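Descriptive analysis of the structure
Listed below are the residues making up each chain.
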Amino acid sequence: MTSLGELRESKELLRNLTLREIKGKYKRTALGQLWSLANPLALMLIYSFVFAIVIRVQVPPGNPSGLDLFVIWLMCGLLPWTFFSNVVTGSMRVMTESENLIKKVYFPRWVLVVSNTFAALYQHMWELIILAVAVLILGSNILLYVPLVAVTTILLAMFATGLGFFVAIANVHFRDTFHFMTIAFQLGFYASPILYPVTYVRDVSDSVGPLVGSIEIIDIYNLNPFVHFAAIFRNLLYDGRWPDWSTFGIVAAISLVTFLLGWRFFTKRQDYLAEAL
């Protein structure tokens with residue numbers, strides 16, 4: 001069966017698995033889906049206190065929005081990062097948790113990874129809506145940029161799902177992959193401009209100078225795709241302006257290529273997952 005045929009045949013299964021992910025996560029809890037907002041809210045309060053009040057990280061005001069509120073600047077980077085990490089780590093989790101289903105029933109295994117992405121996307125959608133409403137209340141009219149926020153979110157979902165395809169297979173064969181990725185995300189969090197502006201890294205890079213040839217610290221730092229995702233989200237939501245289109249084009253290309261490569265890698269190996277599990 002072709003991938004397109006599998007997609008048509010699996011629409012109902014994909015829908016049911018997505019709903020299972022959404023409803024099952026907070027089943028039998030008093031607050032239900034409201035718990036999905038608890039984690040980012042707690043992180044917002046902690047990071048805002050530590051980095052805005054104690055350490056006093058200085059972030060530039062939104063240009064041209066004029067917004068000058070650390071908590072809004074923080075959430076424009078923190079929410080996409082949380083979504084990104086949830087998709088990738090969830091891709092590994094959903095495969096091992098569905099071991100019995102994979103062994104008993106044949107279906108396209110990629111549905112599990114994509115349903116995890118859709119469930120995370122549903123949660124992230126509400127987070128972004130709340131953030132956008134907060135920005136509007138503060139006086140920055142970002143309605144013009146909301147469609148591109150949605151497009152950028154889809155690109156981030158594709159990038160994360162592409163990586164998820166790779167690590168899902170790797171984790172089935174080598175369970176240490178999950179623990180390795182947990183550490184990698186902890187490092188990646190601080191290696192991305194979530195809690196501090198890129199200007200801090202650029203200042204250090206300028207003071208140190210070239211490392212090898214003409215390569216500087218900022219050049220290595222910019223190899224991290226999330227640096228550019230964070231910049232785009234902040235341009236749209238915090239600054240209230242269009243992003244750099246060359247950066248957007250590069251991010252779109254990286255997302256599409258990563259997704260297609262991950263899809264190909266996964267679908268070539270999905271038929272052997274039952275044996276590996």
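None of these values were measured; they are calculated from a predicted model. (Residues numbered from 1 in each chain as written. Predicted model: local features only at pLDDT ≥ 70, side-chain atom pairs only at ≥ 80, totals over all residues. Heavy atoms only, no water.)

1. Focus: empty space enclosed by the protein
Scanning the entire structure with this criterion turns up one cavity of 30 Å³ or more. Looking at the largest cavity, its volume works out to about 40 Å³. In terms of lining residues, the largest cavity is bounded by Thr82, Phe83, Asn86, Ala120, Gln123, His124 and Glu127. Within the residue set of the lining of the largest cavity, elements represented by two or more residues are α4 (70-97) and α6 (110-137). In terms of residue count, the dominant contributor to the lining of the largest cavity is α6 (four residues). Here the lining of the largest cavity is composed, by residue class, of two nonpolar, four polar and one charged. (1 Å grid on protein atoms, 1.4 Å probe; cavity = no way out; pocket = protein on both sides within 12 Å on 5 of 7 lines; lining within 4 Å. Points joined across faces, edges and corners; volume = space filled by probe spheres on them. Helix = DSSP H or I, 4+ residues; strand = E, 2+ residues; numbered from the N terminus. Nonpolar A, V, L, I, M, F, W, Y, C, P; charged D, E, K, R; others polar.)

2. Some details on a nonpolar patch on the surface
A contiguous nonpolar surface patch, about 660 Å² in accessible area, is contributed by Val204, Val208, Leu211, Val212, Ile215, Ile220 and Leu223. Inspection of the secondary structure puts Leu211 in the loop between α9 (198-208) and α10 (217-221). (Patch = residues over 30% accessible without salt bridge, like charges linked within 9 Å, V, L, I, M, F, W, Y side chains within 5 Å. Areas by Shrake-Rupley, 256 points an atom, 1.4 Å probe, with all protein chains shown as cover. Salt bridge = Lys/Arg side-chain N within 4 Å of Asp/Glu carboxyl O.)

3. What to know about the layout of surface pockets
Using a probe with the size of a water molecule, rolled over the atoms, empty space left in the structure can be pinpointed. Approximately 530 Å³ is the volume attributed to the largest pocket. Counting residues per element, the ones that place at least two in the lining of the largest pocket are α9 and α11 (225-239). Of the residues forming the lining of the largest pocket, the biggest block, nine residues, is contributed by α11. Counted by class, the lining of the largest pocket contains 13 nonpolar, six polar and five charged residues. Put simply, the second largest pocket is a space of about 370 Å³. As for the second largest pocket, its lining consists of 16 residues, and the residues nearest its centre are Trp81, Ser85, Phe185, Gln186 and Phe189. For the lining of the second largest pocket, the secondary-structure elements that each account for two or more residues are α3 (35-54), α4 and α8 (176-190). The greatest single-element share of the lining of the second largest pocket, amounting to seven residues, is contributed by α8.

4. Describing the packing of aromatic side chains
This structure, assessed with the given rule, holds 22 aromatic pairs. Plain terms: the ring middles of Phe166 and Phe265 are 4.9 Å apart, the flat faces sit at 40° to each other, and that makes the pair tilted. Separated by 99 residues along the polypeptide, Phe166 in helix α7 (residues 146-173) and Phe265 in helix α12 (residues 245-269) bring together distant segments of the chain. Residue Phe166 is classed as partly exposed on the basis of its relative accessible area, which comes to 30%. On the accessibility criterion, Phe265 (24% relative accessible area) is partly exposed. By the ring-pair criterion, three or more aromatic residues cluster together here, those being Tyr47, Phe51, Trp81, Phe84, Phe159, Phe185, Phe189, Tyr190, Phe226 and Phe229. (Phe/Tyr/Trp six-rings, centres within 6.5 Å; stacked < 30°, edge-to-face > 60°. Buried < 20%, exposed > 50% of the residue type's maximum accessible area, 1.4 Å probe, protein only.)

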